[in-house]
Amino acid sequence: MNFVFFAAVAYDSPLGGRTRQLADILSCRHQVHFIEMPSLRRPMLRHTVRRENGVWIHHLPPLPGGWRMVGTRGEKLWIIYAAAMLRRTLPPDFFAVVSNPFWEALTERLESACLIYDCLDHCSIHTKSCYAPAVAEREQRLAARSELILAVSRKLTEFWQARYRKKTFFLPNGCPDSWLEMERRQPLRPLAGFLGALYEWIDYSLLEQVVEALPEVPFEFTGPVHDRKSIAALWQMTNVEFRTAVPFCRAAEVMSRYSVGLIPFRDDPVAEYSNPLKMYEYLALGIPVVSTLPGEASLPVHVAVGAADFIRQVQRQLESPPPAEEMKRAVVSRTWNCIATDLERILKKI
């Protein structure tokens with residue numbers, strides 16, 4: 001099989017997550033290409049290709065204006081150029097795995113054996129609210145054209161199965177196989193931590209209440225910050241430390257220091273339809289998880305409703321954490337190798 005992943009981020013982004021993990025695993029037995037999301041932060045005036053970890057990584061020139069250019073002559077010219085460049089280098093009869101509706105118009109100009117929409121989040125996560133109609137329209141077209149829809153959460157699966165029952169499958173997030181083999185050593189000092197994107201879906205009001213109620217507990221937040229104003233109150237608290245984003249190869253090292261892993265999402269559509277990658281990664285490292293989201297029923301996640309409950313759950317996990325092996329066992333069938341095998345099995349059915 002030949003796979004081409006049309007990604008939502010760059011290959012080496014700290015937020016690469018699912019798409020990069022699947023690409024790396026599948027490259028061990030298939031030819032795999034990874035098309036990075038064009039970005040003005042990495043301006044290149046031509047199409048470039050490099051190879052890392054067995055994956056062919058494509059970088060396209062940015063589309064100035066991004067979603068603002070949807071449907072314009074500028075976007076059409078960019079699509080013509082991008083399609084011409086990709087046709088020269090992509091293998092024939094490939095499985096096009098698209099994780100962002102941005103790519104929908106471009107995939108129309110490429111001849112793939114099978115178009116797959118890998119739906120990772122509610123569409124409102126992809127862009128600012130003023131562009132939401134354009135994103136929603138592109139997503140609907142992508143879903144209608146796709147031969148297969150992969151949904152990362154049960155809620156997303158239900159959403160798409162109500163519209164496209166026969167071609168929608170549940171394919172959850174996962175964790176690196178090697179993390180399950182890492183020995184869990186109890187941290188020398190208590191530390192509540194979060195590693196990931198500190199974006200608009202984080203419940204900062206909840207975190208402020210939790211941090212203030214537990215002044216003796218150090219809190220650490222590692223990752224890119226979307227809006228500095230949102231963390232202003234937390235920044236002033238003496239038991240909080242913010243760290244810049246780290247490459248994925250260092251994620252396990254950082255998270256292994258946590259006594260408890262936090263998933264403090266807001267109550268909104270993004271959270272309702274999500275299946276946080278961190279949930280699996282915390283558990284793979286044997287770290288107790290306190291979350292505002294329930295996750296899969298089989299996962300030993302401590303769900304908190306409201307700030308007071310979140311505070312109690314954090315205290316409980318710090319005082320009496322469950323055995324690390326119990327948490328690791330819960331995600332044995334959720335390694336990226338297992339998820340990639342499940343994907344191959346689904347593709348053989350179509």
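Residues numbered from 1 in each chain as written. Predicted model: local features only at pLDDT ≥ 70, side-chain atom pairs only at ≥ 80, totals over all residues. Heavy atoms only, no water.

**Brief notes about the overall build of the protein chain**
Argument step 1. In terms of helices and strands, the protein chain carries 14 helices and 14 strands.
Argument step 2. In terms of C-alpha radius of gyration, the protein chain reaches 20 Å, essentially the compact-globule figure of 20 Å for 350 residues.
Argument step 3. Overall, the protein chain is about 60 × 40 × 40 Å in size when its C-alpha atoms are taken along their principal axes.
Argument step 4. Restricting the contact set of the protein chain to residue pairs at least 6 apart, pairs at least 24 apart contribute 68%. (Helix = DSSP H or I, 4+ residues; strand = E, 2+ residues; numbered from the N terminus. Rg over C-alpha atoms; globule rule 2.2 N^0.38 Å. Contact = heavy atoms within 4.5 Å.)

**A few points about the pairing of strand β2 (residues 31–35)**
Argument step 1. Burial analysis of β2 places four of its five residues in the buried class, the great majority of the element.
Argument step 2. Alignment of β2 against strand β4 (residues 55–59), held across four bridges, turns out to be parallel. When the sheet's bridge partners are listed, Ile 35 is paired in β4 with His 58. (Buried < 20%, exposed > 50% of the residue type's maximum accessible area, 1.4 Å probe, protein only. Pairing = 2+ DSSP bridges.)

**So, the pairing of strand β5 (residues 95–98)**
Argument step 1. Residue alternation in β5 divides its side chains into two sets, Phe 95 and Val 97 and Ala 96 and Val 98, and both sets are buried.
Argument step 2. Bridge count between strand β1 (residues 2–6) and β5: four bridges; the pairing is parallel. Considered in β5, the bridge of Phe 3 is made with Phe 95.
Argument step 3. Both β5 and strand β6 (residues 114–119) contribute to a ladder of four bridges, which runs parallel. Counted as the bridge partner of Ala 96 is Leu 115 from β6.

**Here's the deal with unusual backbone geometry**
Argument step 1. Of note, the phi angle at Asn 53 is positive, near 50°, even though the residue is not glycine.
Argument step 2. Relative to the helices and strands, Asn 53 is located in the loop between β3 (48–52) and β4.
Argument step 3. Its identity is not glycine, yet Asp 93 carries a phi of approximately 50°, on the positive side.
Argument step 4. Taking the relative accessible area as the measure of exposure, Asp 93 reaches 58% and is therefore exposed.

**Overview of the side chain of Arg 334**
Argument step 1. Mapped onto the secondary structure, Arg 334 falls in the loop between α13 (324–330) and α14 (336–349).
Argument step 2. Exposure remark for Arg 334: the relative accessible area of 17% places this residue in the buried category.
Argument step 3. Setting aside chain neighbours within four positions, we find Arg 334 in contact with Phe 170, Pro 172, Asn 173, Gly 174, Cys 175, Tyr 280, Glu 296 and Ile 339.

**Details of the packing of helix α7 (residues 204–213) against helix α12 (residues 307–319)**
Argument step 1. Close contact between α7 and α12 brings their axes to 9 Å; oriented N to C, the two are set at 50°. Considered as vectors, α7 and α12 are oriented oblique to each other. Helix-helix and strand crossings are classified by hand; for α7 and α12 the assignment is right-handed. Residue-level inspection shows Leu 206, Gln 209, Val 210 and Ala 213 of α7 in contact with α12, the latter providing Ala 307, Phe 310 and Ile 311.
Argument step 2. Looking at the contact of α7 with α12 residue by residue, the class counts come to six nonpolar, one polar and no charged. (Axes fitted to C-alpha atoms, helices over the stretch in contact; angles between N-to-C directions. Parallel < 35°, antiparallel > 145°, perpendicular 65-115°, else oblique. Left-handed = near helix turned anticlockwise from the far one by under 90°. Nonpolar A, V, L, I, M, F, W, Y, C, P; charged D, E, K, R; others polar.)

**Quick notes on the packing of aromatic side chains**
Argument step 1. In the structure shown here, the tally under the stated rule is 15 aromatic pairs.
Argument step 2. Residues Phe 159 and Trp 160 carry aromatic rings whose centres are separated by 4.9 Å and whose planes lie at 85° to one another, so their mutual orientation is edge-to-face.
Argument step 3. Taking relative accessible area as the criterion, Trp 160 reaches 0% and is therefore assigned buried.
Argument step 4. Plain terms: the ring middles of Trp 160 and Tyr 164 are 6.3 Å apart, the flat faces sit at 25° to each other, and that makes the pair stacked.
Argument step 5. Clustering of aromatic rings is evident, with ring pairs tying together Tyr 117, Phe 159, Trp 160, Tyr 164 and Tyr 273.
Argument step 6. Residue placement shows Arg 20 over the ring face of Tyr 11; its charged tip is 4.0 Å from the ring centre. (Phe/Tyr/Trp six-rings, centres within 6.5 Å; stacked < 30°, edge-to-face > 60°. Lys NZ or Arg CZ within 6 Å of the ring centre and 35° of its normal.)

**Description of helix α2 (residues 73–89)**
Since one α-helical turn is 3.6 residues long, residues separated by three or four positions face the same way.
Argument step 1. Its 17 residues give α2 an end-to-end C-alpha distance of 25 Å, which sits within 8% of 24 Å, the value for a rise of 1.5 Å per residue.
Argument step 2. Among the structural elements, β1, β2, β4, α3 (104–107) and α4 (132–145) are those in contact with the buried residues of α2. (Expected span 1.5 Å × (residues − 1).)

**A closer look at the sheet that holds strand β12 (residues 260–263)**
Argument step 1. Taken in spatial order, the six strands of this open sheet run β11-β10-β9-β12-β13-β14, and their pairing is parallel. Each of the sheet's edge strands pairs with one partner strand only, and the pair in question is β11 (240–243) and β14 (302–303).
Argument step 2. Bridge count for β12 against strand β13 (residues 289–291) is three bridges, and the pairing is parallel. Bridge pairing in β13 places Gly 261 opposite Val 289.

**Description of the domain arrangement of the protein chain**
Argument step 1. Domain annotation for the protein chain reports domain 1 (2–174 + 335–348) and domain 2 (178–332).
Argument step 2. For domain 1 and domain 2, the distance between their C-alpha centroids amounts to 28 Å.
Argument step 3. Each side of the interface is counted separately: domain 1 has 22 residues, and domain 2 has 21 residues.
Argument step 4. Taken over both partners, the interface formed by domain 1 and domain 2 buries close to 1700 Å², and the fraction arising from carbon and sulfur atoms is 66%. (Domains from an automatic or database assignment. Buried area = accessible area lost by both parts, 1.4 Å probe.)

**Structural notes on the environment of Phe 221**
Argument step 1. Tracing the backbone through its elements, the reader meets Phe 221 in strand β10 (residues 219–222).
Argument step 2. As for Phe 221 and Ala 271, which are separated by 50 residues in sequence, their C-alpha atoms are 19 Å apart.

**A short note on the pattern of salt bridges**
Should their charged atoms come close, side chains of opposite charge can pair.
Argument step 1. In this structure the tally under the stated criterion is 17 salt bridges.
Argument step 2. The shortest N-O distance in the salt bridge between Glu 344 and Arg 29 comes to 2.8 Å. Taken as a pair, Glu 344 in helix α14 and Arg 29 in the loop between α1 (17–26) and β2 lie far apart in primary sequence, 315 residues in all.
Argument step 3. A salt bridge links Glu 272 to Lys 155; the shortest N-O distance between them is 3.3 Å. Taken together, the residues Glu 272 in helix α10 (residues 269–272) and Lys 155 in helix α5 (residues 154–161) connect sequence positions 117 residues apart. (Salt bridge = Lys/Arg side-chain N within 4 Å of Asp/Glu carboxyl O.)

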